[in-house]
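# Coordinates in review
What follows is each chain in one-letter form.
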Amino acid sequence: EIIGNSEKLTGTLVTADGKTISMGFTATLDGKDSPSQNPGVDTVILTPVNALRVDYVTKFKGNVVYAGTRTLSMDGRQMTITAKGLNPVGQPMEQTMVYDRR
């Protein structure tokens, strides 16, 4: 959800054992630290690159956990999110998620 110059994300993660974890943040699109309630991070930084791309960085206790990009397709029907950093147990990870609008 876009609120002025901020972005609000809320959601629920379901773990492999079926537990649910609430997540979310409201962050200003200004390249500065904003609080996050996502598991394993306490800060998110959103930096707009252009109308279709936002770069992001997440931190925990001041240390970068992972960073990536969120890119919308020109027609707005697909969103791609990339991330590279450390997983919850500190191992290197890299992922790409692609979402199609219904």
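Structure shown above.
Read on for a plain summary of the structure. As the structure is a computational prediction, the values presented were derived from the model and not from experiment.

## Some words on the sheet that holds strand 6 (residues 53-60)
One open sheet holds the 6 strands; their spatial order is 4-5-6-7-8-9, and the pairing between them is antiparallel. Both edges of this open sheet fall to strand 4 (33-35) and strand 9 (92-100), since each of them pairs with a single strand only. Recorded for the sheet is a direction-independent mean angle of 20° between the axes of neighbouring strands. Taken together, the 3 bridges between strand 4 and strand 5 (residues 43-48) define a ladder with antiparallel strand orientation. Residue pairing in the sheet places aspartate 33 in a bridge with isoleucine 45 of strand 5.

## Notes on unusual backbone geometry
In this model, lysine 61 sits at a positive phi of 50°, which is unusual for a non-glycine residue. When you line up the elements, lysine 61 lands in the loop between strand 6 and strand 7 (63-72).

## A look at the environment of arginine 77
Within the element layout of this structure, arginine 77 appears in the loop between strand 7 and strand 8 (78-86). Classification of arginine 77 by relative accessible area gives partly exposed; the value is 46%. In this structure, the C-alpha to C-alpha distance between arginine 77 and valine 98, residues 21 residues apart in sequence, is 11 Å.

## Remarks on the pattern of salt bridges
Side chains that differ in sign of charge can pair as their charged atoms come close. Taken as a whole and judged by the stated rule, the model has 4 salt bridges. Arginine 70 serves as the salt-bridge partner of glutamate 7, at 2.5 Å between the closest nitrogen and oxygen. With glutamate 7 in strand 2 (residues 6-14) and arginine 70 in strand 7, this pair connects stretches of sequence that are 63 residues apart. Each of the two residues, glutamate 7 as well as arginine 70, counts as buried. Of the charged contacts in the structure, one is a salt bridge between arginine 53 and aspartate 55, with a shortest N-O distance of 2.8 Å. A residue is classified by how much of its surface remains accessible, and arginine 53, at 32% relative accessible area, is partly exposed. Residue aspartate 55 is classed as partly exposed on the basis of its relative accessible area of 25%.

Calculation criteria
- Residues numbered from 1 in each chain as written.
- Predicted model: local features only at pLDDT ≥ 70, side-chain atom pairs only at ≥ 80, totals over all residues.
- Heavy atoms only, no water.
- Pairing = 2+ DSSP bridges.
- Helix = DSSP H or I, 4+ residues; strand = E, 2+ residues; numbered from the N terminus.
- Axes fitted to C-alpha atoms, helices over the stretch in contact; angles between N-to-C directions.
- Buried < 20%, exposed > 50% of the residue type's maximum accessible area, 1.4 Å probe, protein only.
- Salt bridge = Lys/Arg side-chain N within 4 Å of Asp/Glu carboxyl O.

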